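Letter by letter, the chains look like this.
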Amino acid sequence: MEKVRPFVKWAGGKNKLIPQMEQYYPKELKENKIDVYIEPFVGGGAILMDILKKYNIKKAYAFDINKNLINCYNIIKDKVESLVLELKKLEEEYLKLDDENRKEYYYDIRKKYNSINIENENEALEKTTYFIFLNKTCFNGLYRENRRGQFNVPIGKYKNPTIFDEENLIELSKLIKNVTFINGDYRESYKYIEENTFIYFDPPYRPINKTSSFTSYSKEDFNDENQKELGEYFRKINDNNSNVKLMLSNSNPKNNNEKDDFFEQIYNGFKINEIKANRMINSNKEKRGKISELLIINYEEY
């Protein structure tokens, strides 16, 4: 399963950062002494997949507030063969069209996607099919919802897009067979904590300037007050669970303002490390490049 990678392009995805981040994984994980892995903001799932491939995790729980994303994971986990068949049909129909007809097709699918209620089990597969199609054909591969919870990204300009990777979806389905995916707030993860648990938090990043943010992965925003509440939750877990290892990613405000100690205040007493990442989502190409991100942990490095 070495080739398994995220099925969706997701803002802030960690796939390219794994070589840096795994250096900070707790030694207990590398020694296979971690029994439970929890990811309260699963997003594209790059770290989840990396850990499942490399280590012997007995239980894994992944959360996200975006119910459509969680629906995708559950469909891939339980109905991947049916999903592949539906995606093949969509891909064949789309790729044979000219640009103008592709545009009409895209917006028709987007409209259908937004009209589907996944509370209806029969429509959950259809919703996932459209989710993946839209992610691979929309502008910049960006998932964004408006205040009404509707996907609103315009069509992208791709000559010959790869709508899906059949082999990857099938291998991913095998990899996540024993993962429990839950649509919910990160705080719901608390009841799943056991002794020898590793939790990785990858929340929506705090914008490093006023133009770097986009309207969001879900209809809910994640502002500075939410960041502080998350910091309190991080500290609560640390204080009440002696054998739980915690790791959290976020932006580094010092990229834009050397005096901004927002996260130093929130995570005072924890180890704050810096890693380098490429900024991919920025309307100004000149501002895309390597920046510093923070990796906060509650355990000793070695």
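Because the structure is a prediction, the values reported are computed rather than measured. (Residues numbered from 1 in each chain as written. Predicted model: local features only at pLDDT ≥ 70, side-chain atom pairs only at ≥ 80, totals over all residues. Heavy atoms only, no water.)

Colleague: Is there a simple way to explain the overall build of the protein in this structure?
Modeller: Across its full length, the protein holds 9 helices and 7 strands. Its C-alpha radius of gyration of 19 Å places the protein within 12% of the 19 Å reference for a compact globule of 302 residues. Across the 302 residues of the protein, 51% fall into the buried class. Counting contacts in the protein only where the partners sit at least 6 residues apart, residues at least 24 apart contribute 74% of the total. A distance of 3 Å separates the average location of the 50 positive side-chain charges in the protein from that of its 49 negative side-chain charges. (Helix = DSSP H or I, 4+ residues; strand = E, 2+ residues; numbered from the N terminus. Rg over C-alpha atoms; globule rule 2.2 N^0.38 Å. Buried < 20%, exposed > 50% of the residue type's maximum accessible area, 1.4 Å probe, protein only. Contact = heavy atoms within 4.5 Å. Lys, Arg positive; Asp, Glu negative; His and termini not counted. Charge placed at Lys NZ, Arg CZ, Asp CG, Glu CD.)

Colleague: Can you help me understand the pattern of salt bridges in this one?
Modeller: A side chain with one charge can pair with a side chain of the opposite charge if their charged atoms come near. Per the stated rule, a full pass over the model turns up 19 salt bridges. Put simply, Asp202 and Lys14 hold a salt bridge, and the shortest N to O gap is 2.9 Å. Separated by 188 residues along the polypeptide, Asp202 in the loop between strand 4 (197-201) and helix 8 (224-240) and Lys14 in the segment before helix 1 (18-21) bring together distant segments of the chain. Here the two residues Asp202 and Lys14 agree in accessibility, since each one is buried. Close ionic contact of Lys271 with Glu300 constitutes a salt bridge, the shortest N to O distance being 3.7 Å. (Salt bridge = Lys/Arg side-chain N within 4 Å of Asp/Glu carboxyl O.)

Colleague: Before we go on, may I ask you to explain the nonpolar core in this structure?
Modeller: The tendency in soluble globular proteins is for nonpolar side chains to be buried side by side. Counting residues in each nonpolar core, the largest one holds 68 residues, and the members touching the most others are Phe7, Ile51, Phe133, Leu169 and Met247. Ignoring sequence-local partners within four residues, the contact set of Met247 consists of Met21, Tyr24, Tyr25, Phe198, Ile199, Tyr200, Phe201, Phe234, Leu295, Ile296, Ile297 and Tyr299. (Core = buried A, V, L, I, M, F, W, Y, C linked by side-chain atoms within 4.5 Å.)

Colleague: Please clarify how the packing of aromatic side chains should be interpreted in this entry.
Modeller: To describe a pair of aromatic rings, you give the distance between the ring centres and the angle between the ring planes. Scanning all chains against the criterion turns up 28 aromatic pairs. Linked through ring pairs, Phe41, Tyr186, Tyr190, Phe201, Phe222, Tyr233, Phe234, Phe262, Phe263, Tyr267 and Phe270 together constitute an aromatic cluster. If you follow Lys127 out to its NZ or CZ, it ends over the ring of Tyr113, 4.1 Å from the centre. The aromatic ring of Phe262 is capped on one face by Arg206, whose charged end is 3.9 Å from the ring centroid. (Phe/Tyr/Trp six-rings, centres within 6.5 Å; stacked < 30°, edge-to-face > 60°. Lys NZ or Arg CZ within 6 Å of the ring centre and 35° of its normal.)

Colleague: What should I look at first to understand the pairing of strand 2 (residues 59-64) in this one?
Modeller: Side-chain direction in a regular strand flips from residue to residue, so the side chains alternate between the two faces of the sheet. Across the 6 residues that make up strand 2, a large majority, 5, are buried. Where strand 1 (residues 36-39) lies against strand 2, 4 bridges are found, and the strand directions are parallel. When the bridges of strand 2 are listed, Tyr37 appears paired with Ala60. With helix 3 (residues 46-54) bridging strand 1 and its parallel neighbour strand 2, the resulting β-α-β unit is right-handed. By the bridge criterion, 5 bridges tie strand 2 to strand 3 (residues 179-183) in an arrangement that is parallel. The residue of strand 3 that forms the bridge with Phe63 is Ile182. (Pairing = 2+ DSSP bridges. Right-handed = clockwise from strand over helix to strand, strands pointing away.)

Colleague: What's the story with the packing of helix 5 (residues 99-115) against helix 6 (residues 121-137) in this structure? I'm lost.
Modeller: A pair of packed helices can be characterised by two numbers: the angle between their axes and the separation between those axes. Between helix 5 and helix 6, the shortest axis-to-axis distance is 10 Å and the interhelical angle comes to 140°. The orientation of helix 5 with respect to helix 6, classified from their angle, is oblique. Crossing angle aside, the handedness with which helix 5 passes helix 6 is left-handed. Side by side, helix 5 and helix 6 meet where Tyr105, Tyr106, Ile109, Arg110, Lys112, Tyr113 and Asn114 of the first sit next to Lys127, Tyr130, Phe131, Phe133, Leu134 and Thr137 of the second. Here the residues of the contact of helix 5 with helix 6 sort into 8 nonpolar, 2 polar and 3 charged. (Axes fitted to C-alpha atoms, helices over the stretch in contact; angles between N-to-C directions. Parallel < 35°, antiparallel > 145°, perpendicular 65-115°, else oblique. Left-handed = near helix turned anticlockwise from the far one by under 90°. Nonpolar A, V, L, I, M, F, W, Y, C, P; charged D, E, K, R; others polar.)

Colleague: What exactly am I supposed to notice about the sheet that holds strand 5 (residues 245-251) here?
Modeller: In any sheet, the strands associate via hydrogen bonds between backbone groups, in a parallel or an antiparallel arrangement. Spatial strand order, 3-2-1-4-5-7-6: 7 strands in an open sheet with mixed pairing. With one partner strand each, in any of the chains shown, strand 3 and strand 6 (271-278) form the two edges of the open sheet. Averaged over all pairs of adjacent strands, the angle between their axes in this sheet comes to 20°, without regard to strand direction. Pairing of strand 4 with strand 5, which is carried by 4 bridges, proceeds in the parallel orientation. Considered in strand 5, the bridge of Ile199 is made with Leu246. Strand contacts of helix 3: strand 1, strand 2, strand 3 and strand 4, with the helix running at about 170° to strand 1, the strand carrying the most contacts. Lying on the sheet, helix 8 is in contact with strand 4, strand 5 and strand 7 (290-297); it crosses strand 5 at an angle near 165°.

Colleague: I keep staring at the environment of Tyr190 and nothing clicks. Help me out?
Modeller: Here Tyr190 shows up in the loop between strand 3 and strand 4. Separated by 43 residues in sequence, Tyr190 and Tyr233 have C-alpha atoms that sit 9.1 Å apart. Residues within four places of Tyr190 in sequence aside, it is in contact with Tyr233, Lys236, Ile237, Asn240 and Asn241.

Colleague: Explain the packing of helix 4 (residues 67-95) against helix 7 (residues 166-175) to me, please; I cannot follow it from the model alone.
Modeller: Closest axis-to-axis distance for the helix 4/helix 7 pair is 9 Å, and the angle between their directions is 165°. By the angle between their axes, helix 4 is roughly antiparallel relative to helix 7. Classified by chirality, the crossing of helix 7 by helix 4 is left-handed. When helix 4 is examined against helix 7, the residues Ile76, Lys77, Val80, Leu83, Val84, Leu87 and Lys88 are found in contact with a partner set consisting of Glu166, Leu169, Ile170, Leu172 and Ser173.

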